[in-house]
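# Structural description and commentary
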Amino acid sequence: MASVINVNLPQQSYEIAIAPSGIDKLGEYMSGLKLGKKVLLVSNPMIYKHYGERASASLKAAGFEVSELTLPPGERYKTPNSVQKIYDTALENRIERSSTMVALGGGVIGDMTGFAAATWLRGINFVQVPTTLLAMVDAAIGGKTGVNHPQGKNLIGAFHQPRLVLIDPDVLKTLPMREFRAGMAEVIKYGVIWDAKLFAEIEESKHLNQIRYVKPEFIDSILTRSCQAKADVVSKDEKEAGLRAILNYGHTIAHAVESLTGYRVVNHGEAVAIGMVAAGQIAVELGMWQKEDTQRQYALIEKAGLPTKLPAGVDIEAIIEALQLDKKVEAGKVRFILPTQIGVVTITDSVPTDTIRQVLQGMQSDS
Ligand SMILES: NC(=O)c1ccc[n+]([C@@H]2O[C@H](COP(=O)([O-])OP(=O)(O)OC[C@H]3O[C@@H](n4cnc5c(N)ncnc54)[C@H](O)[C@@H]3O)[C@@H](O)[C@H]2O)c1
Ligand SMILES: O=C(O)C(=O)C[C@@H](O)[C@H](O)[C@H](O)COP(=O)(O)O
Ligand SMILES: [Zn+2]
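What counts, and at which threshold
Residues numbered from 1 in each chain as written. Chains lettered and ligands numbered in written order. Predicted model: local features only at pLDDT ≥ 70, side-chain atom pairs only at ≥ 80, totals over all residues. Heavy atoms only, no water. Helix = DSSP H or I, 4+ residues; strand = E, 2+ residues; numbered from the N terminus. Expected span 1.5 Å × (residues − 1). Buried < 20%, exposed > 50% of the residue type's maximum accessible area, 1.4 Å probe, protein only. Phe/Tyr/Trp six-rings, centres within 6.5 Å; stacked < 30°, edge-to-face > 60°. Lys NZ or Arg CZ within 6 Å of the ring centre and 35° of its normal. Near = heavy atom within 4 Å. Polar contact = N/O pair within 3.5 Å; in protein donor to acceptor, adjacent residues only side chain to side chain. Areas by Shrake-Rupley, 256 points an atom, 1.4 Å probe, with all protein chains shown as cover. Nonpolar A, V, L, I, M, F, W, Y, C, P; charged D, E, K, R; others polar. UniProt positions renumbered as here; feature names shortened; annotations may be inferred. Contact = heavy atoms within 4.5 Å. Donors = N, O, S within 2.8 Å, 3.2 Å for Na, K, Ca; no water. Pairing = 2+ DSSP bridges. Axes fitted to C-alpha atoms, helices over the stretch in contact; angles between N-to-C directions.

### Brief notes about helix H10 (residues 268-285)
- The end-to-end C-alpha distance of H10 is 25 Å, a good match for the 26 Å that 18 residues give at a rise of 1.5 Å each.
- Counting buried residues along H10, 16 of its 18 residues qualify, which places the element largely inside the surrounding structure.
- Gly-287 lies just past H10 and shows a positive phi near 75°.

Dropping the structure here:
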């Protein structure tokens, strides 16, 4: 049975529908939104092979005219150049103001397609059909879209909300285990920043890093609780004027690590896991968080099969320098999201650089 979570916004609210076999109902879901006839479906070749034809067939059966584009997979291709390919295809197929771009894929496809939709003809409709756990619980929701600059992660982008997020949990069956774990990093994030019950539920679950043993009820529960957490935060602060920055927990260091390793060593979720370990330890050093709680977080990250150390060879001074490119920096001050209890975080710009350095030194691969 489908369930629905609402993202309530001043201008355009929308639904996150969690629907088994949802891919085959995409056309039906979109018909209810009174969109123009033309759709540009954007995916990558691997995801398209699994689900593209079903999504396309469902759209056509509902009367949409569908054009398609696949882009190369991977964070290294989350670039202005890939977005240019979306514009070129939009032009060729006369994608109009009433038309819709549909992102069928993980966060990389979602962020790029969303950015193309935000900018094509100054903004057209956009629908998210996330196919990774990470995109289902996080990337597809909330309207942050964009691409990387050679110097830093997500530096180019726009807020542009989707008209619909359609989650088909069945597609997780083909998701590689490493990508499932990456998604668990953002799920654990919600446990630490917002939902202590979710944190406890993950602690109690068995076989967390063996997707074939993960119970469907557990998947349903983490999808629902995570999407609700993200919808709650985004509904309260759509454009990150304040509260929304808590969704960036672990990301201050994560983005620096991803970018310094050329997006080849750790994926986004793994980097977030490393960043959460660092933020937790910084909070302990500053006397803001109990040692036992940071140990609980560490144990959960390990249990999910996620990394807790920095990748070998990353220079700590380079990380400290890269923190200056974080979008939360104000007047040159780096802002961190730090936990004070499981389920509660605070935002601070007064972390001494020496504390960051010391914590990162303790997280080196050989320490
Ligand atoms: N906009 C946001 O709010 C937000 C939030 C979190 C993350 N992000 C961004 O999302 C990106 C990470 O997204 P991701 O973790 O989904 O990675 P991804 O999009 O790179 O997908 C990971 C891999 O999984 C494959 N894949 C996807 N779905 C599959 C399926 N069902 N079966 C088999 N293979 C499948 C893809 O081909 C890809 O190789 C990063 O760029 C990150 O910055 C954005
Ligand atoms: O939605 C948000 O807000 C987030 O911060 C969610 C993060 O998980 C996500 O990785 C986001 O893309 C990071 O945003 P950025 O503004 O730091 O680029
Ligand atoms: Zn993230």
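### Examining the packing of aromatic side chains
- Evaluated as defined, the whole model comprises one aromatic pair.
- Between Tyr-87 and Trp-120, the ring centres sit 6.0 Å apart and the planes meet at 25°, which makes this aromatic pair stacked. With Tyr-87 in helix H3 (residues 80-92) and Trp-120 in the loop between helix H4 (107-119) and strand S6 (125-130), this residue pair connects regions lying 33 residues apart in the sequence.
- Accessibility expressed as a relative area gives 13% for Trp-120, which makes it buried.
- The residue whose ring lies beneath Lys-189 is Tyr-190, and the NZ or CZ to ring-centre distance is 5.1 Å.

### A look at the site of ligand 1
- Close to ligand 1 lie 25 residues; Glu-75, Thr-131, Thr-132, Lys-153 and Thr-174 are nearest.
- A distance of 2.8 Å separates an oxygen atom of ligand 1 from a polar side-chain atom of Lys-153.
- A distance of 2.7 Å separates a nitrogen atom of ligand 1 from a polar side-chain atom of Thr-174.
- In the complex, the protein chains occlude 89% of the 860 Å² of accessible area that ligand 1 would expose alone.
- If you list the elements that add at least two residues to the shell around ligand 1, you get helix H2 (45-61), H4, helix H5 (133-139), strand S8 (152-159) and helix H6 (177-193).
- The residue inventory of the shell around ligand 1, partitioned by class, reads eight nonpolar, eight polar and nine charged.

### So, the UniProt feature "binding site: NAD(+)" (unreviewed entry) in the protein chain
- Residues annotated in UniProt with the feature "binding site: NAD(+)" (unreviewed entry) correspond here to Gly-107, Val-108, Ile-109, Gly-110, Asp-111, Thr-131, Thr-132, Lys-144 and Lys-153.
- By the element assignment, Ile-109 lies in helix H4.
- On the basis of relative accessibility, which here comes to 3%, the residue Ile-109 falls in the buried class.
- Discounting chain neighbours no more than four positions away, the residues touching Ile-109 are Val-42, Ser-43, Asn-44, Leu-71, Ala-103 and Leu-104.
- We classify Lys-144 as partly exposed; its relative accessible area is 34%.
- If near-sequence neighbours (up to four positions away) are discounted, Lys-144 is found in contact with Asp-111, Ala-158, Phe-159, Glu-240, Arg-244 and Asn-248.

### A word on the UniProt feature "binding site: Zn(2+)" (unreviewed entry) in the protein chain
- UniProt records the feature "binding site: Zn(2+)" (unreviewed entry) for Glu-186, His-251 and His-268 in the present numbering. Taking the farthest pair of C-alpha atoms as the criterion, the annotated set spanning 83 residues converges on one region, since that pair is 10.2 Å apart.
- Counting through the fold element by element, Glu-186 comes out in helix H6.
- Residue position: His-268 is located in helix H10.
- For His-268, a relative accessible area of 16% corresponds to the buried category.
- Dropping the residues within four chain positions of it, His-268 is found in contact with Leu-134, Lys-153, Glu-186, His-251, His-255 and Glu-258.
- Only 3.0 Å separates the side chain of His-268 from the side chain of Glu-186, close enough to count as a polar contact.

### Description of the coordination of the zinc ion (ligand 3)
- For the zinc ion (ligand 3), every protein donor is listed as Glu-186 (OE), His-251 (NE2) and His-268 (NE2), and the spread of their distances is 2.0 to 2.1 Å.
- Written as a sequence motif, the donor residues of the zinc ion (ligand 3) are E-x64-H-x16-H. With a gap of 65 residues between them, Glu-186 in helix H6 and His-251 in helix H9 (residues 251-260) connect regions that are remote in the sequence. As far as the burial class goes, Glu-186 and His-251 line up, both buried.

### Re the sheet that holds strand S1 (residues 3-7)
- The strand order across the open sheet built from seven strands is S1-S2-S9-S6-S5-S3-S4, with neighbouring strands paired in mixed fashion. A strand with exactly one partner marks an edge of an open sheet, and here the two such strands are S1 and strand S4 (65-70). In this sheet, adjacent strand axes meet at a mean angle of 20° when their direction is disregarded.
- The pairing of S1 with strand S2 (residues 14-18) spans five bridges and is antiparallel. Looking at S2, one finds that Ile-5 is bridged to Ile-16.

### Describing the site of ligand 2
- Around ligand 2, a shell composed of 14 residues is seen, among which Asp-138, Lys-144, Lys-230, Arg-244 and Lys-327 lie nearest.
- Contacts to ligand 2 include Lys-189, whose side-chain N or O atom sits 3.1 Å from an oxygen atom.
- Starting from 430 Å² of accessible surface for ligand 2 in isolation, the protein chains cover 91%.
- Residue assignment for the shell around ligand 2 shows that the elements contributing at least two residues are H6 and H9.
- Residue classes in the shell around ligand 2 are distributed as one nonpolar, five polar and eight charged.

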